Every structure is written in C-alpha cells, then in structure tokens.
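Each chain, written out:
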Amino acid sequence: RQRAEVPTEATRGAPAEAQKQRHTAARLRTTGLARQLVAEASLLQRDAPNRTDLIALLAAESLRRAPLYDNDRLLREVLYLQRPRVAQRTAGAPVMAVTWSPDGRRIAGVTRDNSVVVWPYPGNESPLRLQHDKPVRAIAWSPDSRRLAVAGEDRAVRIRDVDSGRELERLDHGGTVVGVASGLDGPLLVWGSRERTVWVWEAGSGRERHRFRRETPPVALALSADGTRVAVADEDEVVVVWDTQTG
C-alpha cells in the first residue's frame with residue numbers, strides 16, 4: 001500500500017509564489033505599456049503640438065493602464081490648453097500689468113518696451129499703442145473709461161485720451177511713480193512715488209488737494225470707489241488709510 005505524501009511548507013507556498021510572480025509580471029507589462037504610450041504622446045507634443053486631441057487620448061490611455069507622474073502631468077497640461085478662450089490679444093512685448101476699463105469695453109496693458117497698449121473688446125480692431133520714453137509703472141482708468149492715467153519713471157502722470165491717444169494733461173511732480181489710482185465715482189487721481197510721498201489731485205482742474213508724507217516709500221495704493229479714502233501699502237509692511245477730503 002502506497003503511503004500518501006504530506007505537504008511540506010515549501011510545497012504549500014509554491015502556488016502562492018507562482019501567482020505572485022504572475023501578478024508582478026503582468027504589472028510590469030502594464031506599466032511598460034503605459035510608459036510607451038506616454039512616451040509616444042510626449043513625442044507627438046514635441047513634433048505636432050496642435051494635435052492636442054490625439055495627445056490627450058494617448059496620455060489618458062496611459063493613465064488608465066498605470067498612473068504615472070508623466071502621463072498625469074501631460075494630460076493635465078493638454079486639457080488646460082484645450083480650454084476654450086473667449087479672445088486673445090497680442091501685445092508685441094512682454095506684458096507687465098493689465099486692467100479692464102470700468103465699462104468693460106477696453107483692456108489696457110503695460111508692456112516692457114515702455115508702452116501702454118489699449119485693446120477694444122470685443123472686436124478685432126487694431127489696438128492703440130501709447131509709447132513713452134521711460135518705463136511705465138502704473139495705469140488707471142477714468143470713471144467714464146475715456147481717459148487713462150499713465151505714470152512711471154518719467155516723473156510725471158499723463159492723462160491720455162484712449163480714442164485718439166492724445167495727451168490731455170500732464171502732472172509733473174519730480175518723482176518716480178510706483179502706483180496710480182482713480183476713483184470710480186469721482187474726479188480724484190492718486191499716486192505714490194519712490195520719494196515717500198502720496199499725492200491726491202483733482203483730475204479735472206489739475207489742482208493738488210493733499211500730499212501725504214511717509215517714512216518709507218509706498219509700493220501699492222488703491223482709491224475707494226467713492227474717492228473718499230486711499231489705502232497705501234508701504235515697505236514697512238503696513239497699510240495706511242487716509243481721508244482724501246480732510247487729509
């Protein structure tokens with residue numbers, strides 16, 4: 001009579017070990033295919049960047065098979081580029097700041113080539129380019145959206161007509177402007193300079209109403225909608241609010 005063999009520890013663990021090896025091999029194959037797909041998507045992005053639909057498809061299939069840093073990053077990047085754009089404007093130089101007009105019909109941008117570019121919106125009309133001799137540091141719209149206050153390193157604040165580009169007024173103060181603001185409901189114009197001074201002017205008459213001195217130069221400022229208060233941020237890490245009526 002044949003004696004039955006008793007399973008040992010090694011023979012009992014053999015099927016489990018084999019199954020583990022099969023799972024590991026399958027995972028490696030899947031990961032390898034995912035890497036191959038994302039590599040193809042990356043090459044396509046380099047050679048045909050406009051084929052965002054195919055790039056996204058390859059990256060998504062790669063991500064479905066195995067989540068990797070490369071396929072996740074590429075898919076996010078392509079989906080971001082596929083977002084619909086309402087409009088696009090060309091400035092011709094790097095844009096340092098941009099602001100909407102109060103009526104929403106124009107966009108003004110400060111460029112690195114000492115210019116202010118005003119685009120009509122909506123529409124594809126040619127923009128108005130206001131060229132200056134020195135860098136522009138700040139711009140502010142008038143309440144009626146017809147004028148733009150432009151200030152910078154030429155030690156003056158210029159009021160420009162945004163239809164013709166003509167300079168309507170020039171306010172000289174002898175300092176480099178770091179910020180300018182205009183109230184939505186009033187004719188006040190406020191600006192600050194590196195000479196640690198903030199001016200409040202009446203835009204229509206060109207008359208200086210108040211002048212505030214600070215211990216450190218202002219870095220940013222904002223005028224309230226009714227023009228009664230101005231908030232000034234200084235290099236001493238505080239924000240000061242002044243009354244523009246009483247000083």
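**Student:** How would you explain the overall build of the chain if you had to name every residue and give the values?
**Tutor:** Assigned secondary structure in the chain consists of three helices and 15 strands. Looking at the chain as a whole, 39% of its 247 residues are labelled buried. In the chain, 33% of the contacts between residues at least 6 apart in sequence involve partners at least 24 apart. As presented, the chain carries roughly 15,100 Å² of accessible surface, and 50% of it is formed by carbon and sulfur atoms.

**Student:** Tell me about the sheet that holds strand β7 (residues 156-161), and please be specific about residues and values.
**Tutor:** If you walk across this open sheet you meet the four strands as β5-β6-β7-β8, and the pairing is antiparallel. Lying at the two open borders of the sheet, with one neighbouring strand each, are β5 (136-141) and β8 (167-172). Adjacent strand axes in the sheet meet at a mean angle of 20°, parallel and antiparallel pairs treated alike. Where β7 and β8 come together, five bridges link them in antiparallel fashion. By the bridge assignment for β8, Ile 159 is matched with Glu 169.

**Student:** Give me the lowdown on the side chain of Arg 106, citing residues and values where you can.
**Tutor:** Examined against the element boundaries, Arg 106 turns out to sit in strand β2 (residues 106-111). Side-chain polar atoms of Arg 106 contact the side chain of Asp 163, separated by 2.4 Å. Leave out the neighbours within four places in its chain, and Arg 106 touches Thr 99, Trp 100, Ser 101, Val 118, Trp 119, Pro 120, Tyr 121, Trp 141, Ser 145, Val 162 and Asp 163.

**Student:** Give me the environment of Pro 122: which residues, what numbers.
**Tutor:** Structurally, Pro 122 is set in the loop between β3 (115-120) and β4 (128-131). Judged by its relative accessible area of 65%, Pro 122 falls in the exposed class. Distance from Pro 122 to Ile 107, taken between C-alpha atoms, is 9.8 Å for residues 15 residues apart in sequence.

**Student:** Hey, could you go over the pairing of strand β13 (residues 218-223) for me, with residue numbers and the actual values?
**Tutor:** Relative to strand β14 (residues 229-234), β13 runs antiparallel, the two being bridged by five bridges. When the sheet's bridge partners are listed, Leu 221 is paired in β14 with Val 232. The turn linking β13 back onto β14 is made up of five residues, and Gly 227 within it adopts a positive phi angle of 75°.

**Student:** Go over unusual backbone geometry with me, naming the residues and quoting the values.
**Tutor:** Glycine aside, negative phi is the norm for most residues, and most peptide bonds take the trans geometry. The phi dihedral of Asn 114 is positive, around 70°, even though this residue is not glycine. Its place among the elements puts Asn 114 in the loop between β2 and β3. On the basis of relative accessibility, which here comes to 17%, the residue Asn 114 falls in the buried class.

**Student:** Describe the packing of helix α2 (residues 52-65) against helix α3 (residues 69-81), listing the residues and the values that go with them.
**Tutor:** At their nearest, the axes of α2 and α3 sit 9 Å apart, and the two run at 150° to each other. Judged by the inter-axis angle, α2 sits roughly antiparallel to α3. As α2 runs across α3, the sense of the crossing is left-handed. Counting all contacts with α2, which are made through Thr 52, Ile 55, Ala 56, Ala 59, Ala 60, Ser 62 and Leu 63, the residues of α3 involved are Asn 71, Asp 72, Leu 74, Leu 75 and Val 78.

The rules we used
- Residue positions are counted from 1 within each chain, in the order its sequence is given.
- Two thresholds apply to this predicted model, a pLDDT of at least 70 for residue-level local features and 80 or more for giving and counting side-chain atom pairs, whereas whole-chain, interface and lining totals are computed over all residues.
- Hydrogens and waters are ignored; side-chain quantities use all the structure's heavy atoms.
- Working definition: helices are DSSP H or I runs of at least four residues, strands are E runs of at least two. Numbering for both runs from the N terminus.
- The buried label applies to any residue whose accessible area, calculated with a 1.4 Å probe on protein chains only, is under 20% of its type's maximum; exposed applies above 50%, and partly exposed to all values in between.
- Throughout, a contact is declared for two residues whenever any of their heavy atoms are within 4.5 Å.
- Note on areas: Shrake-Rupley with a 1.4 Å probe; residue coverage comes only from the protein chains shown.
- At least two bridges found by DSSP between two strands are what make those strands a pair.
- All axes here are fitted lines through C-alpha atoms, helices being fitted over the stretch that makes contact, and every angle between N-to-C directions spans 0 to 180 degrees.
- Identification of polar contacts relies on pairs of N or O atoms within 3.5 Å, with a donor-acceptor requirement for protein atoms, meaning one able to donate a hydrogen and the other able to accept it, and with residues adjacent in sequence counted only if both atoms are side-chain atoms.
- Any angle between 65 and 115 degrees counts as roughly perpendicular, while under 35 counts as roughly parallel, over 145 as roughly antiparallel, and the rest as oblique.
- Take the far helix as the reference: if the near one is turned anticlockwise from it by less than a right angle, the crossing is left-handed, and if turned clockwise, right-handed.

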